[in-house]
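Take a look at the letters that make up each chain.
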Amino acid sequence: MAIHSAGAAFRKAVQEESPLQVIGAINANHALLAKRAGFRAIYLSGGGVAAGSLGLPDLGISNLDDVLTDVRRITDVCDLPLLVDIDTGFGASAFNVARTVKSMIKFGAAAVHIEDQVGAKRCGHRPGKEIVSKQEMVDRIKAAVDARTDDNFVIMARTDALAVEGLDAAIERAVACVEAGADMIFPEAITDLQMYKQFANAVKVPILANITEFGSTPLFTVDELKSADVGIVLYPLSAFRAMNKAAENVYNAVRRDGTQKNVVDTMQTRMELYDRIDYHAYENKLDALFAQQKNK
């Protein structure tokens with residue numbers, strides 16, 4: 001029996017939808033909502049794990065197990081290929097990077113991106129970033145590639161060098177990462193559409209555009225990014241931001257008004273939730289089991 005490869009599914013989606021829209025799913029419920037909306041791939045943000053699961057800033061505080069917990073919960077219920085943010089690899093050595101990659105494959109991820117920041121990393125759209133040498137980043141990629149237990153699993157190299165060393169240096173790093181075995185490139189905090197085209201022309205592999213809100217990159221459309229030869233368009237935390245704003249509004253309203261009546265119309269209904277998580281199918285199985293037991 002053929003073994004399903006999440007990595008192969010991700011590669012297929014990249015080939016067939018150009019550019020591929022990848023939407024952030026902060027938890028398993030959101031993964032199901034993303035699939036229902038028609039997306040062919042989803043994303044787990046490291047910053048989202050830190051803020052959403054831990055209530056902490058994205059400063060290299062979360063660890064491998066924190067991310068794996070959310071990966072497993074998502075892949076247990078949703079078969080869309082999942083791209084995962086693994087920061088700098090969760091450790092200082094090649095052994096750490098290798099362990100991370102092997103664990104991601106075991107837990108059902110399809111792809112990861114690993115970056116060239118130092119261990120005390122920052123959000124890619126914040127000032128004050130520090131990056132490792134080009135050789136150290138190449139070593140991270142080699143360790144990730146060598147650790148693969150599925151050749152189709154996607155290793156994506158993210159570079160934050162644009163804001164630190166400039167465009168030419170960032171492209172040079174990206175080329176070196178591809179030579180080291182990276183399947184795709186994620187140039188972070190791009191400020192101009194044509195920069196993507198320059199990366200794509202240089203590396204000859206799919207380029208990811210991180211279209212995150214309130215950051216350094218303008219909110220380019222799919223058509224604009226396609227014209228710049230972008231292969232993947234990422235929306236890492238769009239639903240998470242909306243969810244947080246909605247929750248805050250509800251909390252404030254209930255505390256202020258002494259009732260939720262004024263915000264009920266902003267809520268997902270009970271029946272909508274049941275539909276989205278296929279509640280009734282589970283309940284029907286219980287009913288059938290109870291009926292069997294009564295008939296014994």
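Our subject is the structure listed above.
Our subject in this report is the structure included herewith.

Calculation rules
- Residues numbered from 1 in each chain as written.
- Predicted model: local features only at pLDDT ≥ 70, side-chain atom pairs only at ≥ 80, totals over all residues.
- Heavy atoms only, no water.
- Core = buried A, V, L, I, M, F, W, Y, C linked by side-chain atoms within 4.5 Å.
- Buried < 20%, exposed > 50% of the residue type's maximum accessible area, 1.4 Å probe, protein only.
- Helix = DSSP H or I, 4+ residues; strand = E, 2+ residues; numbered from the N terminus.
- 1 Å grid on protein atoms, 1.4 Å probe; cavity = no way out; pocket = protein on both sides within 12 Å on 5 of 7 lines; lining within 4 Å.
- Points joined across faces, edges and corners; volume = space filled by probe spheres on them.
- Nonpolar A, V, L, I, M, F, W, Y, C, P; charged D, E, K, R; others polar.
- Pairing = 2+ DSSP bridges.
- Axes fitted to C-alpha atoms, helices over the stretch in contact; angles between N-to-C directions.
- Contact = heavy atoms within 4.5 Å.

## So, the nonpolar core
- Ranked by size, the top nonpolar core spans 66 residues in total, and within it Ile 42, Met 104, Ile 141 and Tyr 196 carry the most contacts.
- Sort the elements by how many residues they give to this core and helix H6 (residues 134-147) lands first, with seven residues.
- Counting residues in each nonpolar core, the second largest holds 18 residues, with Phe 10, Leu 20, Val 154 and Leu 208 among its members.

## Structural notes on the layout of surface pockets
- Its boundaries defined by the atoms lining it, the largest pocket holds a volume of some 540 Å³.
- His 30, Leu 33, Met 243, Thr 266 and Gln 268 are, among the 19 residues lining the largest pocket, the residues nearest its centre.
- Among the secondary structure elements, those contributing two or more residues to the lining of the largest pocket are strand E1 (20-24), helix H2 (28-37), helix H11 (238-257) and helix H12 (270-276).
- Here the lining of the largest pocket takes six residues from H11, the largest share from any one element.
- In terms of residue class, the lining of the largest pocket is made up of eleven nonpolar, seven polar and one charged.
- In this model, the second largest pocket occupies a volume close to 460 Å³.
- For the second largest pocket, the lining is made up of 27 residues, of which Gly 47, Asp 58, Cys 123, Gly 124 and Leu 237 are closest to its centre.
- Grouping the constituent residues of the lining of the second largest pocket by class yields eleven nonpolar, seven polar and nine charged.

## Re the sheet that holds strand E5 (residues 154-159)
- Ordered by their spatial adjacency, eight strands build an open sheet running E6-E5-E4-E3-E2-E1-E8-E7, and the pairing between neighbours is parallel. A strand with exactly one partner marks an edge of an open sheet, and here the two such strands are strand E6 (184-187) and strand E7 (208-210). Between one strand and the next, the sheet's axes are offset by a mean angle of 25 degrees, whatever the strand orientation.
- Those strands touched by H6 are strand E4 (111-115) and E5, and its axis lies near 165 degrees from that of E5.

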